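Observations on the three-dimensional arrangement
The chain contents come next:
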Amino acid sequence: MMDLSAINPILFVAGFLVAATPLIFAAIGELVVEKSGVLNLGVEGMMITGAICGFAVAVETGSPLLGFAAAAAGGALLSLLFAFLTQIALANQVASGLALTLFGLGLSALLGQSYVGVKPPRLGDIDFGPLADIPVIGPILFTHDIILYLGIALVAATWAVLKFTRAGLVLRAVGESHDAAHALGYHVKRIRTLAIMFGGACAGVGGAYISLIRVPQWTEGMTAGIGWIALALVVFASWKPWRLLLGAYLFGGITQLQLNLQGAGVAIPVEYLAMSPYLITIIVLVILSADKSAAPASLGRTFHASQ
Amino acid sequence: MKLTKLLTTAALAAGLATGALAQDKTKVGFVFVGPVGDGGWTYEHNEGRLALEEEFGDAVETVFVENVAEGPDSERVMTQMALDGADLIFTTSFGYMDPTINVAKKFPDVKFEHATGYKRADNVSTYSARFYEGRAIQGHIAGSMTKSNIIGYIGSYPIPEVIRGINSAYIHAKKVNPDVQFKIVWAYTWFDPAKEADAAKVLIEQGADVVLQHTDSTAPQAAAQEAGNVITFGQASDMAQYAPKPRVSSIIDNWAPYYIARTKAVMDGTWESTDTWDGIGPGMVGIGEITDAVPAEVKEQALALKDSIASGDYHPFTGPINKQDGSAWLAEGDTADDGTLAGMNFYVEGIEGDIPQ
C-alpha cells in the first residue's frame, strides 16, 4: 500500500541537510587540496580520525564544540603525515593517500576502544527566535546546529577566496603549474602543506559530524565509505564549490528520499531506489560539467624545486 | 648460482618451518564482513574466536581479516589465509558463499565453514543460527507494545535469512495485535552506521514506535534513543549499552561452542562436512534480558514463548499461514520444513510491499 502522506516533507528536507553535511565538509576540504595540485586519497582515514577525536573530546569535556575543534585538529594532524610523505619525502601521492586511509582506520579503532556505547553530549540547535516559527521554512532552515551552517558558509568562503582573492589565485597557480608558481617565488611546498592541512581539518569535522550528530555514537569504521564518495564528488563537481554543494545535497537528498519512499511503500523496485543517489548525482553533475572545466593541470604530480 | 642456491635453501627452510608449525598449532582463520568493534554481528563472531583461543591456548593460532567486502575481494583474502597455512577457515557472511566454494576447490586439504549459506562441499560445512526463533519473541513484544501500530524494520539484503526474520516477527506481532503494520526499508548494507541511523530516523518520522534491525551496527539504537519514545532490540549482540530503553531485549548469537567443537574436530581429524542450524534450545541463539521497559505480563508471555520454542513444543512457523498472495502455505498445525525456511523468498500474508528481486 502506497502512502505518500506518511512522508513529512519538512522532516525530510531537514533530514537531508544533516545527511549532506559530512559530505560537504570532506569534499570542500579535498577540493582545496586538489586545487593546489595534490591528490589526497586519505579522506576516509582523516574523517574517521576526526570522528573519534571529536567524539572523545566531546565526551571528556562535555562540549560538542570543543569536540569539533579537536576533530579539525586531529584530521589536520593526520594530514601532516601525508604532507610529510608527499611534500618532503616526495612519495607517490596515490599510495600515500591509500596508506593514510588504512592508517586512519586502524588508529581510530585503537583510540576508540573505550568509547563504544557511550552517548555523546548533544550539540543544541541555534536559537533563531521567531524565525524558527515561520511555517514550513522555519523548521526546515532555522532548526539546525551551528556546524551545519558552517558547512554552507565554508562552501561560500572557499568559492569567494578561490575566485576573488590573491591567496586563491596563488593556490590555483600552484595547482595549475607548480613550476611557474615556483619561478614566481611562491613556496609551492608550503602552500600545498597548508592546503593539505585545511583538507584534513575539514575531513575531520565531517567525520565528527557523523559521530556527534548524524548517528550519534562511536563505532569502528563508522564513516563506511563517505570519504570515497566525497572524493568522487569533487571530480564530478568539476572542482567548483557550488556544484559540489549541489552534488552533496542531491546525494544526501536522494538517499533520504529513497529511504522515505521505501518506508511509504512506493511501487518503485527497491533496487532502483537504492542505486538512485549515485546514479542521479553523477548524471546531473556530468551534464553540468559539459563546459570546458578540467582538473588542475598539476594534480597528483610531485614537485621538486630542482626539476 | 649462489643466489639461486641461497633462495632454494631459504624456501626449503621456510617450507620446513611452516610444516613444523602446522604440526604444532592448528591455524584457524576468520573472514569478517565488518569491524570487530561493530557491537553486533562481527563482534560476536570475534568473541567466538577469542573463546577458541581461551579454550585451546597455544595449541591454536587464530587470524582474522575485518571489513572484507562480499564478492571477489573475499576470495583473495581466503586464498591468502589458505596459503598462509590455515587449517580451518570460517567465512562469516552470506555473501561469501560462492567465494568460499571457489577457494575450497583450490585447497582440498583446508576445511572451510561458511555461515548462513546453503552451498556445501567435501571440505565446506555450513552453519547458522535460527535467528527467526528470536524474531518471534521480538515480534511478540513489538506487537504488544506499539501504540502507533507501525513497526519499522531495517533490512540489509533481501536474502532468505532476513526474510525469515521479517516473517517470523510479523506473524507474532500480528497474533497479539491484528492492526499492526510493518514498514520495511532495505539498506543494502550490513554495516554503515550513518545509513542505518538514517533508515531508523525515517521509519520513526513515518510513525514507527518500534524499530527492528537486521543490520550489524548499534546506530539504529542511537537514533531511537535520540528520538525518545521508541523501542528497539539488540541484533546479533546484546547491545546492552542501550538498555533499558530503547533496547528492551535482544538476540545474541553465541558462536563459541560451535567454533570450539569444529576446531577440536580438525585437531582430532574427525572433521566432516556438515550443515548445522541451531536455535534457542542448543544455545546458539540467546535472548538478551527483557528490560523493565516491557510491561510485566508481556515479559512473562515472551519468556513463555521462548521456553516453548527452546523445548521444541512450539515452532514459530506453525500453520495456518498463507503466503502474501493469499495462497496457502502451511495448513492448521503444520510446521515449516527446514528446506523451505532455508530458501524462503516470500512474505507471509499481511505484509505489504514486494521483496526486491
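Scoring rules and cut-offs
Residues numbered from 1 in each chain as written. Chains lettered and ligands numbered in written order. Predicted model: local features only at pLDDT ≥ 70, side-chain atom pairs only at ≥ 80, totals over all residues. Helix = DSSP H or I, 4+ residues; strand = E, 2+ residues; numbered from the N terminus. Rg over C-alpha atoms; globule rule 2.2 N^0.38 Å. Buried ≥ 20, exposed ≤ 12 C-beta atoms within 10 Å, placed from the backbone. Contact = placed C-beta atoms within 7 Å. Core = buried A, V, L, I, M, F, W, Y, C linked by C-beta atoms within 7 Å. Domains from an automatic or database assignment. Pairing = 2+ DSSP bridges. Axes fitted to C-alpha atoms, helices over the stretch in contact; angles between N-to-C directions. pLDDT = per-residue confidence, 0-100. Right-handed = clockwise from strand over helix to strand, strands pointing away. Nonpolar A, V, L, I, M, F, W, Y, C, P; charged D, E, K, R; others polar. Expected span 1.5 Å × (residues − 1). Parallel < 35°, antiparallel > 145°, perpendicular 65-115°, else oblique. Left-handed = near helix turned anticlockwise from the far one by under 90°.

A look at the overall build of chain A
Summing up its helical and strand segments, chain A has 12 helices and zero strands in all. Ordering the α and β elements of chain A from the N terminus gives α-α-α-α-α-α-α-α-α-α-α-α. Computed over C-alpha atoms, the radius of gyration of chain A comes to 20 Å, within 12% of the 19 Å expected from 2.2 N^0.38 for 307 residues, which places it in the range of a compact globule. Here chain A holds 307 residues, and 51% of them are scored as buried. Partitioning the intrachain contacts of chain A with sequence separation of at least 6 by distance along the chain shows that 79% fall at a separation of at least 24.

A word on the nonpolar core
One finds L23 and A27 of chain A to be the most contacted residues of the largest nonpolar core, which totals 185 residues. In terms of residue count, the dominant contributor to this core is helix α9 (residues 188-214) of chain A (15 residues). For this core, the domains that each give at least three residues are domain 1 (24-129 + 255-278) and domain 2 (131-253 + 284-313) of chain B. Here A27 of chain A is in contact with A230, L233, V234, L244 and A248 of chain A, once residues within four sequence places are set aside.

Brief notes about the sheet that holds strand β1 (residues 26-31) of chain B
Residue and element names in this part refer to chain B. Taken in spatial order, the six strands line up as β2-β1-β3-β4-β5-β11 in an open sheet, and their pairing is parallel. Looking at the sheet topology across the chains shown, the edges are occupied by β2 (60-65) and β11 (275-278). In this sheet, adjacent strand axes meet at a mean angle of 15 degrees when their direction is disregarded. Bridging between β1 and strand β3 (residues 88-91) involves four bridges; their strand directions are parallel.

Quick word on the confidence of the model for chain B
Low pLDDT means the predicted coordinates in that region are not meant to be read closely. Residue and element names in this part refer to chain B. The share of residues in chain B with pLDDT of 70 or more is 94%, and the mean pLDDT across the chain is 92. Between residues 6-22, whose pLDDT stays under 50, and residues either more than four places distant or in other chains, the model counts three contacts. Overall fold confidence for the complex sits at a pTM of 0.87, while the interface term, ipTM, reaches 0.86.

So, the environment of K264 of chain B
Mapping K264 of chain B onto the fold places it in helix α9 (residues 256-268). On the basis of neighbour count, K264 of chain B is assigned to the partly exposed category, with 17 C-beta atoms found within 10 Å.

Brief notes about the pairing of β2 of chain B
Residues and elements named next belong to chain B. Two strands pair when backbone bridges link them, and β1 and β2 are joined in this way by six bridges, in the parallel orientation. Along β2, the bridge assignment pairs T26 with V60. Read from β1 through helix α2 (residues 41-56) to β2, the crossover connection turns out right-handed.

Structural notes on the domain arrangement of chain B
Residues and elements named next belong to chain B. As far as domains go, chain B holds domain 1 (24-129 + 255-278) and domain 2 (131-253 + 284-313). Of note, the centres of domain 1 and domain 2, computed from C-alpha atoms alone, are 28 Å apart. On the domain 2 side, the residues contacting the 16 residues of domain 1 number 15 residues. With four residues, the single largest contributor to the side of domain 1 that touches domain 2 is α2.

Side note on the interface of chain A and chain B
Chain A puts 33 residues into the contact, and the matching count from chain B is 32 residues. Counting only elements with at least two residues in the side of chain A that touches chain B, the list comes to α1 (9-35), α9, α11 (241-264) and α12 (270-288) of chain A. When residues of the side of chain A that touches chain B are assigned to their parent elements, the largest contribution, seven residues, is made by α11 of chain A. Residues of the side of chain A that touches chain B, tallied by class, amount to 18 nonpolar, 12 polar and three charged.

Quick look at unusual backbone geometry
Residues and elements named next belong to chain B. Cis geometry is found at the peptide bond from A243 to P244, where omega equals -5 degrees. You can see P244 is positioned in the loop between β9 (231-234) and β10 (247-253). The step from K245 to P246 runs through a cis peptide bond, and the omega angle for that step is 10 degrees. You can see P246 is positioned in the loop between β9 and β10. A positive phi is found at T116, a non-glycine position, where the angle reads about 70 degrees. Mapped onto the fold, T116 is located in the loop between β4 (111-115) and β5 (124-129). Its identity as a non-glycine residue notwithstanding, M239 has a phi of 55 degrees, on the positive side. You can see M239 is positioned in the loop between β9 and β10.

Re the sheet that holds β10 of chain B
Residue and element names in this part refer to chain B. Pairing is mixed in the open sheet, where six strands are placed in the order β7-β6-β8-β9-β10-β12. Edge strands, defined here as strands with exactly one partner in the open sheet, are β7 (181-186) and β12 (285-288). Ignoring strand direction, the axes of neighbouring strands in this sheet form an average angle of 20 degrees. Pairing of β9 with β10, which is carried by three bridges, proceeds in the parallel orientation. Residue pairing for β10: G234 is matched across the bridge by S250. The strands touched by helix α6 (residues 160-176) are β6 (150-155), β7 and β8 (210-213); relative to β6, the strand with the most contacts, the crossing angle is about 170 degrees.

So, the pairing of β4 of chain B
Residues and elements named next belong to chain B. Extensive coverage of β4 is indicated by the burial of five of its five residues. Of the two faces of β4, the one carrying K111, E113 and A115 and the one carrying F112 and H114 are both buried. Direction of pairing for β3 relative to β4: parallel, over a ladder of four bridges. Each bridged residue has a counterpart across the sheet, and for L88 the counterpart in β4 is K111.

Considering α2 of chain B
For an α-helix, 3.6 residues make a turn, and residues three or four places apart therefore share a direction. Residues and elements named next belong to chain B. Taking 1.5 Å as the rise per residue, α2 with 16 residues should run 22 Å; its terminal C-alpha atoms sit 23 Å apart, in good agreement. All of the buried residues in α2 are W41, T42, Y43, E44, H45, N46, G48, R49 and L52. Considering only its buried residues, α2 is in contact with β1, β2, β10 and α9. Just downstream of α2 lies G57, where phi reads positive at about 55 degrees.

Observations concerning the packing of α1 of chain A against helix α6 (residues 146-164) of chain A
All names here are of chain A. The geometry of α1 relative to α6 is characterised by a closest axis approach of 9 Å and an angle of 25 degrees between their N-to-C directions. Considered as vectors, α1 and α6 are oriented roughly parallel to each other. As α1 packs across α6, the resulting crossing turns out to be left-handed. Of the residues in α6, those in contact with L17, V18, T21, I24, F25, I28, L31, V32 and K35 of α1 are I147, L148, G151, L154, V155, T158 and L162. Its residues assigned to classes, the contact of α1 with α6 shows 12 nonpolar, three polar and one charged.

Concerning the packing of helix α7 (residues 166-176) of chain A against α9 of chain A
Residues and elements named next belong to chain A. Two numbers describe how α7 lies on α9: the axes approach to 10 Å, and their chain directions differ by 105 degrees. Between α7 and α9, the angle falls in the class roughly perpendicular. Contact with α7, carried on its side by V170, L171 and V174, involves V188, I191, R192 and A195 of α9 and no other residues of that element. Partitioned by chemical class, the residues of the contact of α7 with α9 number six nonpolar, no polar and one charged.

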